[in-house]
Amino acid sequence: MKTRLFRLAAIAALFASSAAYSQGYVGLGAGPAKINIDCAGADTCDKTDTGWKLYGGMKFGSNLAGELVYVDWGKAKASATDAELGTATLDVKASGIGLGVAYHVPLAAWSCLGRLGIMQNKGKTSVSLNGLSASDSFTGTFPYYGVGCGYSLTPNLTLTAEADFSRVKYTDQDKANVQLLSIGLRWGW
């Protein structure tokens, strides 16, 4: 019984000491996004939009952190016109939620980071032709990665510039690379 109590006390002390050295942070960023859909046969194709992300993380001891992230990858649009059928449009919206690790490298007032994880991305595809429309959603799990740098405005607030990349499924067979280049703020405690 004493051995079990000693082990529990040692584990509690370990968790308490690691929590005392951990640093949490949250961030928000927005900027140009791209969904690289296949536009073969389209008259017009716009793969770019504005996207955004919200993330939170916890550093443990060293510069390694665990992160949870939500990304809105934006929207892509394509259209094609046929003399007999009319104009057909395709809209693809993508978003995802991910879990990964980030490695932070402090450089005085500057800091850089690299991210790696997995993301469950959802692509919502809508098609319309002559007033009729249909839509479907496709979900897939893909790797994601990112890089970024930041400048400390205050000890707790950092201005960030980051790039994030992954893939999204937008039909039964088709997948597209997605990217977000963002400027944002990260607040740490």
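Reference entry: report on the structure contained in this document. (Residues numbered from 1 in each chain as written. Predicted model: local features only at pLDDT ≥ 70, side-chain atom pairs only at ≥ 80, totals over all residues. Heavy atoms only, no water.)

It is worth spelling out the overall build of the chain at this point. For the chain, the helix and strand inventory stands at 1 helix and 9 strands. In sequence order, the secondary structure elements of the chain are arranged as α-β-β-β-β-β-β-β-β-β. Evaluated residue by residue, the chain yields a buried proportion of 33% over its 189 residues. Sequence-distant contacts, at least 24 apart, represent 61% of the contacts inside the chain between residues at least 6 apart. Accessible surface, the chain: about 11100 Å² in total, of which carbon and sulfur atoms supply 63%. (Helix = DSSP H or I, 4+ residues; strand = E, 2+ residues; numbered from the N terminus. Buried < 20%, exposed > 50% of the residue type's maximum accessible area, 1.4 Å probe, protein only. Contact = heavy atoms within 4.5 Å. Areas by Shrake-Rupley, 256 points an atom, 1.4 Å probe, with all protein chains shown as cover.)

Take the nonpolar core next. In terms of nonpolar packing, the biggest core is built from 22 residues, with Ile35, Ile37 and Trp73 touching the most fellow members. Among the elements of the structure, β1 (23–35), β4 (64–82), β5 (86–107) and β9 (175–188) are those that each provide at least two residues to this core. (Core = buried A, V, L, I, M, F, W, Y, C linked by side-chain atoms within 4.5 Å.)

In this section: the side chain of lysine 53. Looking at where lysine 53 falls in the secondary structure, it is placed in strand β3 (residues 48–59). Residue lysine 53 is classed as buried on the basis of its relative accessible area of 1%. Of note is the side chain of lysine 53, whose polar atom sits 2.5 Å from the side chain of aspartate 164. Dropping the residues within four chain positions of it, lysine 53 is found in contact with Gly27, Leu28, Gly29, Tyr70, Val71, Arg115, Glu162, Asp164, Leu180 and Ser182. (Polar contact = N/O pair within 3.5 Å; in protein donor to acceptor, adjacent residues only side chain to side chain.)

On to the pattern of salt bridges, then. A full pass over the atoms with the stated rule returns 7 salt bridges. Across the pair aspartate 91 and lysine 75 runs a salt bridge whose closest N-O atoms are separated by 4.0 Å. Remark: lysine 75 occurs in strand β4 and aspartate 91 occurs in strand β5; sequence separation between them is 16 residues. Judged by its relative accessible area of 24%, lysine 75 falls in the partly exposed class. Across the pair arginine 115 and aspartate 164 runs a salt bridge, and its minimum N-O distance is 3.9 Å. In this pair, arginine 115 sits in strand β6 (residues 110–129) while aspartate 164 sits in strand β8 (residues 157–169), placing the two residues 49 residues apart along the sequence. Like aspartate 164, arginine 115 is buried. (Salt bridge = Lys/Arg side-chain N within 4 Å of Asp/Glu carboxyl O.)

Here we take up the state of the cysteines. Here the structure, examined in full by the defined rule, presents 2 disulfides. A sulfur-sulfur separation of 1.7 Å characterises the disulfide bridge that pairs cysteine 39 with cysteine 45. A residue is classified by how much of its surface remains accessible, and cysteine 39, at 17% relative accessible area, is buried. There is a disulfide in this structure between cysteine 112 and cysteine 149, and the S-S distance comes to 2.2 Å. Between cysteine 112 and cysteine 149 the sulfur-sulfur dihedral comes to about 95°; the bridge is accordingly right-handed. (Disulfide = S-S within 2.5 Å.)

With that settled, consider the pairing of β1. With 12 bridges connecting them, β1 and β3 associate as antiparallel partners. Directly across from tyrosine 25, in β3, lies its bridge partner glycine 57. In terms of strand pairing, β1 meets β9 through 9 bridges, oriented antiparallel. Across the sheet, the residue bridging to valine 26 is tryptophan 187, located in β9. (Pairing = 2+ DSSP bridges.)

Quick look at the environment of tryptophan 187 now. Relative to the assigned elements, tryptophan 187 resides in strand β9. For tryptophan 187, a relative accessible area of 42% translates into the label partly exposed. Counting along the chain gives 160 residues from tryptophan 187 to glycine 27, while the straight-line C-alpha distance between them is 6.2 Å. With sequence-adjacent residues up to four places away left out, tryptophan 187 is seen in contact with Gly24, Tyr25, Val26, Asn156 and Leu157.

It is worth stressing that arrangement in space is one thing and function is another; only the former is reported here.
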